[in-house]
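Structure assessment
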Amino acid sequence: MKKVITDLRTFQYFYPYTVAVVGAQVKDRANFMSCAWHTALSFDPPLFGILVAKKRRTYDLISEAKEFTVNFLVQEDVALSAQMGRISGHDRDKVKEFQVELSPAVHIRTPVLDAAYAAFECRLRDIYSCGDHELFVGEVLAVQVREECFDRQGVLDPRQVKPLLYLGSDFYITVDPDTLEHKLP
Ligand SMILES: Cc1cc2nc3c(=O)[nH]c(=O)nc-3n(C[C@H](O)[C@H](O)[C@H](O)COP(=O)(O)O)c2cc1C
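About the thresholds
- Residues numbered from 1 in each chain as written.
- Predicted model: local features only at pLDDT ≥ 70, side-chain atom pairs only at ≥ 80, totals over all residues.
- Helix = DSSP H or I, 4+ residues; strand = E, 2+ residues; numbered from the N terminus.
- Rg over C-alpha atoms; globule rule 2.2 N^0.38 Å.
- Buried ≥ 20, exposed ≤ 12 C-beta atoms within 10 Å, placed from the backbone.
- Contact = placed C-beta atoms within 7 Å.
- Core = buried A, V, L, I, M, F, W, Y, C linked by C-beta atoms within 7 Å.
- Near = placed C-beta within 6 Å.
- Nonpolar A, V, L, I, M, F, W, Y, C, P; charged D, E, K, R; others polar.
- Arc of directions from axis to C-beta.
- Pairing = 2+ DSSP bridges.
- pLDDT = per-residue confidence, 0-100.

1. Some points on the overall build of the protein chain
Along the backbone of the protein chain there are three helices and twelve strands. Since a compact globule built from 185 residues should have a radius of gyration of about 16 Å, the 17 Å found for the protein chain is in line with a globular shape. With the C-alpha coordinates of the protein chain rotated into their principal frame, the extents come out at 50 × 45 × 35 Å. The buried share among the 185 residues of the protein chain stands at 30%. Of the contacts made within the protein chain by residues no fewer than 6 positions apart, 61% connect residues no fewer than 24 positions apart.

See below:
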């Protein structure tokens with residue numbers, strides 16, 4: 001028997017999701033925000049979506065810059081996710097305060113995180129309203145990856161990299177490489 005829940009204020013039964021840290025820059029100040037609500041949307045053209053609440057600093061910055069980066073973290077960088085995800089750029093300069101190391105993107109002005117094992121450079125293409133979040137659709141112009149973390153087809157190698165997964169609230173976990181299966185029907 002399953003319990004039926006109709007009070008959906010803590011509607012987070014879909015986790016774990018990978019943590020992406022979304023960056024955007026206006027003038028010379030970059031800001032980053034942890035983002036668990038994200039999804040690939042299309043291979044051709046390559047489109048990637050992120051869901052951002054209107055009150056985030058990131059919402060204003062992406063709306064103005066019309067571009068963003070999406071940065072995937074390893075488990076060891078869990079503190080970075082907590083910092084970028086529990087403090088707002090409206091109040092503090094997170095990059096400066098936490099000495100976040102950045103490297104340049106190739107196609108856009110917004111930098112990527114040095115710590116990321118994979119990072120997307122996206123140009124804003126569309127914005128859709130989804131309740132209390134907005135779906136920013138980015139066209140992926142380039143992907144920067146640590147080569148050793150993926151095989152030739154771009155499949156993540158869990159023996160090389162432990163992706164940071166989010167469980168909701170302030171809980172995180174990663175994958176167990178011993179459970180890896182390559183299965184065909
Ligand atoms: C792991 C994690 C995932 C999060 N995912 C999202 C998300 O998908 N969308 C969102 O709007 N906020 C999300 N948040 C909340 C923002 O990251 C948080 O409010 C952040 O302080 C916003 O920063 P900003 O105001 O500088 O943009 C998440 C927080 C954490 C810790």
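2. Regarding the nonpolar core
Grouped together as the largest cluster of nonpolar side chains are 37 residues, with contacts concentrated most on Val21, Val22, Phe32, Cys35, Val70 and Ala116. Mapped onto this core, the elements with two or more residues apiece are β2 (20-26), β3 (29-35), β5 (47-53), α1 (57-65), β6 (67-72), α2 (78-86), β8 (112-113) and β9 (118-130). Those residues in contact with Phe32 that lie beyond four places of it in its chain are Val21, Val22, Gly23, Met84, Lys94, Val95, Val100 and Leu113.

3. Brief notes about the site of the ligand
Neighbouring the ligand are 22 residues, the closest being Trp37, Thr58, Gly85, Ser88 and Gly89. Elements with a minimum of two residues in the shell around the ligand: β3, β5, α1 and α2. Residue contributions to the shell around the ligand peak at four residues, all from β3. Here the shell around the ligand is composed, by residue class, of ten nonpolar, nine polar and three charged.

4. Quick notes on α1
Within α1 the residues assigned to the buried category are Thr58, Leu61 and Ile62. One side of α1 carries all its buried residues, which in axial view fall inside an arc of 95°. Where α1 is buried, its residues touch β2, β3, β5, β6, β9 and β10 (133-145). Where α1 terminates, the next one or two residues include Lys66, which has phi positive at roughly 60°.

5. So, the sheet that holds strand β1 (residues 17-18)
Taken in spatial order, the three strands line up as β1-β11-β12 in an open sheet, and their pairing is antiparallel. Looking at strand neighbours, the two that pair on one side only are β1 and β12 (171-173), the edges of this open sheet.

6. Focus: the confidence of the model for the protein chain
Per-residue confidence for the protein chain gives a mean pLDDT of 97; residues scoring 70 or more make up 100%. Here β3 is the element of the protein chain with the lowest mean pLDDT, 97, and β6 is the one with the highest, 99.

7. Here's the deal with the environment of Glu76
In this structure, Glu76 sits in the loop between β6 and α2. The class for Glu76 is exposed, based on 11 C-beta atoms found within 10 Å. Separated by 39 residues in sequence, Glu76 and Ala115 place their C-alpha atoms 9.7 Å apart.

8. What about α2?
Regarding α2, the residues found buried are Leu80, Ser81 and Met84. Buried residues of α2 fall within an arc of 100° about the axis and therefore sit on the same side. Across from the buried face of α2, at angles greater than 90 degrees, the exposed residues are Ala79 and Arg86.

9. Observations regarding the environment of Pro163
Looking at where Pro163 falls in the secondary structure, it is placed in the loop between β10 and β11 (165-168). C-alpha of Pro163 to C-alpha of Val74: the two residues are 89 residues apart in sequence and 4.5 Å apart in space.

10. Side note on the pairing of β9
Summarising the sheet, β6 and β9 pair through six bridges and their orientation is antiparallel. Across the sheet, residue Glu67 finds its bridge partner in β9, namely Arg123. Both β9 and β10 contribute to a ladder of twelve bridges, which runs antiparallel. The residue bridging Ala119 from the neighbouring strand is Gln144, located in β10.

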